[in-house]
Amino acid sequence: MAELIQKKLQGELEKYQQLQKDLSKSMAARQKLEAQLTENNIVKEELGLLDATNTIYKLIGPVLVKQDMEEAKATVSKRLDYISGEIKRYELQMQECERKSEQQREVLARLQQEYQRAQARVAKA
């Protein structure tokens, strides 16, 4: 009986560890997106300081290509919208992972108690 519970406990522990890894990956991805968001906000501010006489270049591979001011502003705005959406998606994913982790912790606690009771029964017998 105790061995069966121990195997089940080990399986549930592995599930919990995988959930923690997934949560960690989501957090890292979200942090990367936050950095990109900050960078793009700075670019947007800089573009706002320019006037029509300024020339804007876009880096494409190793080449700088001249770009229209409105096109550059539109591109940065679209990028900001996309990054914000991705951040929200990762936040929801992290909340889901945390919810599942909490449920898994409860399962682990219950199984651990069962295992301890089974060990106590074996010790009495």
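Just so it is clear, the structure is predicted and the values come from calculations on it, not from any experiment.

**A closer look at the pairing of strand β1 (residues 56-60)**
And step 1. Strand direction decides the pairing type here: β1 and strand β2 (residues 63-67), joined by five bridges, are antiparallel. Its bridge partner being in β2, K58 is matched across the sheet by V65.
And step 2. What sits between the antiparallel neighbours β1 and β2 is a turn of two residues, in which G61 has the positive phi angle 65°.

**Side note on the pattern of salt bridges**
And step 1. Counted by the stated rule, this structure contains six salt bridges.
And step 2. One salt bridge in this structure joins K15 and E12, with 3.4 Å as the shortest N-O distance. With K15 and E12 both in helix α1 (residues 2-49), this residue pair falls three residues apart, about one helical turn.
And step 3. Take E12: its relative accessible area is 13%, and that puts it in the buried class.
And step 4. Here R30 makes a salt bridge to E91, at a shortest N to O gap of 2.5 Å. Here the residue R30 occupies a position in helix α1, and E91 occupies one in helix α2 (residues 69-124), the gap between them amounting to 61 residues.
And step 5. According to the relative accessible area criterion, E91 is partly exposed, its value standing at 30%.
And step 6. Each of the salt bridges in this network shares a partner with another, and the network as a whole consists of R30, E34 and E91.

**Focus: the environment of Q17**
And step 1. Positionally, Q17 belongs in helix α1.
And step 2. Along the sequence, Q17 and Q104 sit 87 residues apart, while their C-alpha atoms lie 9.7 Å from each other.

**A short note on the nonpolar core**
And step 1. Of all hydrophobic cores here, the largest spans eleven residues; its members are L33, L37, L47, I56, M69, A72, V76, L80, I83, I87 and Y90.
And step 2. Elements with a contribution of two residues or more to this core: α1 and α2.
And step 3. The biggest single contributor to this core is α2, with seven residues.
And step 4. Residue contacts for L80: discarding those within four places in its chain leaves L37, N40, N41 and K44.
And step 5. Formed by eight residues, the second largest nonpolar core is a distinct cluster that contains L9, L108, L111 and Y115.

**As for the layout of surface pockets**
And step 1. A volume near 190 Å³ is recorded for the largest pocket.
And step 2. Residue lining of the largest pocket: 15 residues in total, with V43, Q67, A72, V76 and R79 positioned closest to the centre.
And step 3. Every element with two or more residues in the lining of the largest pocket is listed here: α1, β1 and α2.
And step 4. Examining the composition of the lining of the largest pocket, we find that five residues originate from one element, α1, more than from any other.
And step 5. Looking at side-chain class alone, the lining of the largest pocket contains eight nonpolar, three polar and four charged residues.

Conventions adopted
- Residues numbered from 1 in each chain as written.
- Predicted model: local features only at pLDDT ≥ 70, side-chain atom pairs only at ≥ 80, totals over all residues.
- Heavy atoms only, no water.
- Pairing = 2+ DSSP bridges.
- Helix = DSSP H or I, 4+ residues; strand = E, 2+ residues; numbered from the N terminus.
- Salt bridge = Lys/Arg side-chain N within 4 Å of Asp/Glu carboxyl O.
- Buried < 20%, exposed > 50% of the residue type's maximum accessible area, 1.4 Å probe, protein only.
- Core = buried A, V, L, I, M, F, W, Y, C linked by side-chain atoms within 4.5 Å.
- Contact = heavy atoms within 4.5 Å.
- 1 Å grid on protein atoms, 1.4 Å probe; cavity = no way out; pocket = protein on both sides within 12 Å on 5 of 7 lines; lining within 4 Å.
- Points joined across faces, edges and corners; volume = space filled by probe spheres on them.
- Nonpolar A, V, L, I, M, F, W, Y, C, P; charged D, E, K, R; others polar.

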